[in-house]
Amino acid sequence: MTFLDSRLRRATKSGLIGSFRLIWIAVVLWCERGIFVWSLLGCRWPDKNLTLNNPALATHILLIADPQILDHDSYPGRPQWLKCLTQYIVDFNLRKNWNAVIATLEPHMVIFLGDMMDNGRSTIDESAYDRYYARFRSIFQLDSSTPVYYLPGNHDVDLGYSSELVSKPRDGYKDNFGPLNQRIDIGNHTALVLFDAPELVDEDYRRHAAQLDFWAWQGSEGGAVQFLKNFIKHRPTGPIVLFSHIPLFRSDRASCGPLRERGTIHAGVGRGYQNLLLRETSSFILENIRPAVVFSGDDHDYCECHHRLEDGSVVREISVKSFSMAMGIRRPGFQLLSVAPANHGGGHLPYDALADVPCLLPDQIKIYTHGYAPLGVVTVFLLFFINYNRRRRRRRLQDDTAWMETAQSYAYSFSGSNEPSTYAKLRHSPEHSVSLAQSTPINNSDDHGDEDWPDLPLAGSYMNPPELGDLSSLPYPAQYPPHPRWTRTPRIRALDTPFSGGHRLSAFLRRVQTCRTWWRGVDQQTWYSIAIKDFYAVAWPPLSVYIIISVWLFRR
């Protein structure tokens, strides 16, 4: 029966470890792949908001803001190992986000709204900049048939008239990402205008110093001011979509809508950044370009703002959420823009040709804190508890076995034969049970001293009544040691017990042997070392799945 119980307990433990493995593998697959695809099930191109006879004719544009991939200078106060770990986690999250978005939505065009690299502006060495850019391209891989356009941000190029930052990153940006200002025509009627907002801020400071308005200010050759003036002179009749890395001016009390995680956008300026364009600059852009919608970045959180023009019309501006988990938001995001073709089903207003919708990505921090962490705590607790309980049962069984063997050896020694005494047999039979409290050991041998056993009772005394005759020929009663669980005192307490010293020595040697054989045999290990081995047995299959997913995404 003991053998069957042992086999059953072993099978139960193996089944538990196998169950934990399956659970962990399912959780890893869900947290690293499934949840990213599932979060995009409700994210669809807003073609239904267009007046289209055939929605398949719409152009789908994916807007990505502030991916801002990190490097070793992003967190200068952190130790090197933590920088590497942070960079790996953020890059892995960007790859999972991008892979899920491209595989699910299949855009026709992609526009990055600036801040592609966190320290592109401070990377002076050309080879270092090339490696930085290659890492960006390895994360955001895209089919060569899909056009990609980039907008400069304040982390990509320098910002500030009196800034000490050099202008080399601006040349590196043009060599790798393309022109700083550009116009793109979509559907033969919609113009996408991408202008260099950081350079416009620099020209604003120079223009204010010269005390000139926009029309009197010539601006730098090929700069943002000249680009905007030329576009205004040749303004198309169709709808215009304006893209700026820095948001347009608005009141500090302006609401950003319910999709924003916290606060609002406030005007602020510092070395290398400016939260909003100036009021005069924003008014000049809105009144002269009159865009149908404006998309901006830089703030990292979602914000929907409405600008009222002098004629009473309203221009909607969307600050797109950052695509990165490291930008101070819980859920990254992006924006989908659908543009209808020229003959779009009879719509006459410019707004009928455009529709956009925001989309959110999973909270990576919550995946760690509400997914992996609780399951890890439960796994460790159960494995330690089960092994500790098994150790207690095993120790209890050993105590019972040792006590019975000791009791039997006493019975054999006092009977003078290899069989238990008649008295011992009577004690174990239910018909003739005799209490230990009703018997007194009888000394019948010279092998035991007087200090070990009390004097023999005399014939005719209370132990040998006359009516029973002479009982000296009866076998000697067996003296059993107390069971460890029947008393709160230590198992071996009397120093004069014949086997006490050997028991303590053997217990000490067993502990020494346990320390020496930590990873050798299960039977000789402590319960917590067995639990650690069980945790390793549970962890390696899901960890292998995680590594396979990571290698697959990083090697794409």
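For clarity, every value in this text was computed on a predicted model and none was experimentally measured. (Residues numbered from 1 in each chain as written. Predicted model: local features only at pLDDT ≥ 70, side-chain atom pairs only at ≥ 80, totals over all residues. Heavy atoms only, no water.)

## Looking at the sheet that holds strand 9 (residues 293-296)
- Pairing is mixed in the open sheet, where six strands are placed in the order 4-5-6-9-11-10. For this open sheet the edge positions go to strand 4 (182-186) and strand 10 (303-308), each flanked by a neighbour on one side alone. Each strand of the sheet is rotated relative to its neighbour by a mean of 20 degrees, with strand direction disregarded.
- Across the sheet, helix 6 (residues 224-233) touches strand 4, strand 5 (190-194) and strand 6 (240-244), and the angle it forms with strand 5 is around 165 degrees. (Pairing = 2+ DSSP bridges. Helix = DSSP H or I, 4+ residues; strand = E, 2+ residues; numbered from the N terminus. Axes fitted to C-alpha atoms, helices over the stretch in contact; angles between N-to-C directions. Contact = heavy atoms within 4.5 Å.)

## Concerning the side chain of His155
- Along the polypeptide, His155 turns up in the loop between strand 3 (148-150) and helix 4 (168-176).
- By relative accessible area, which is 17% here, His155 ends up buried.
- Engagement of the side chain of His155 in a polar contact is seen with the backbone oxygen of Asp118, the distance being 2.8 Å.
- Apart from the residues lying within four places of it in its own chain, the contact partners of His155 are Gln68, Asp115, Met117, Asp118, Asn119, Gly120 and Arg121. (Buried < 20%, exposed > 50% of the residue type's maximum accessible area, 1.4 Å probe, protein only. Polar contact = N/O pair within 3.5 Å; in protein donor to acceptor, adjacent residues only side chain to side chain.)

## A look at empty space enclosed by the protein
- By the definition in use, this model includes two cavities of 30 Å³ or more.
- Counted as a void, the second largest cavity has a volume near 30 Å³.
- In this structure, the second largest cavity is lined by Leu70, Asp71, Tyr75, Lys83 and Gln87. (1 Å grid on protein atoms, 1.4 Å probe; cavity = no way out; pocket = protein on both sides within 12 Å on 5 of 7 lines; lining within 4 Å. Points joined across faces, edges and corners; volume = space filled by probe spheres on them.)

## A short note on the state of the cysteines
- In total, this model carries two disulfides according to the counting rule given.
- Note that Cys43 is cross-linked by a disulfide to Cys359, the S-S spacing being 1.7 Å. Because the torsion about its S-S bond is 75 degrees, the bridge between Cys43 and Cys359 counts as right-handed. Of this pair, Cys43 sits in the loop between helix 1 (2-38) and strand 1 (59-64) while Cys359 sits in strand 13 (residues 354-360); the two residues are 316 residues apart in sequence, bridging distant segments of the chain.
- Judged by relative accessible area, Cys43 falls into the buried class, the value being 4%.
- Its relative accessible area of 5% is what places Cys359 among the buried residues. (Disulfide = S-S within 2.5 Å.)

## A few points about the pattern of salt bridges
- A full pass over the atoms with the stated rule returns 15 salt bridges.
- Among the salt bridges present, the one from Asp171 reaches Lys174, with a minimum N-O distance of 4.0 Å. On the criterion of helical spacing, the pair formed by Asp171 and Lys174 is a turn pair, its members being three residues apart in helix 4.
- Judged by its relative accessible area of 41%, Lys174 is partly exposed.
- Between Arg250 and Glu317 there is a salt bridge, with its nearest N and O atoms 2.9 Å apart. Remark: Glu317 occurs in strand 11 (residues 314-319) and Arg250 occurs in the loop between strand 6 and strand 7 (269-270); sequence separation between them is 67 residues.
- The exposure class of Glu317 is buried, given its relative accessible area of 1%. (Salt bridge = Lys/Arg side-chain N within 4 Å of Asp/Glu carboxyl O.)

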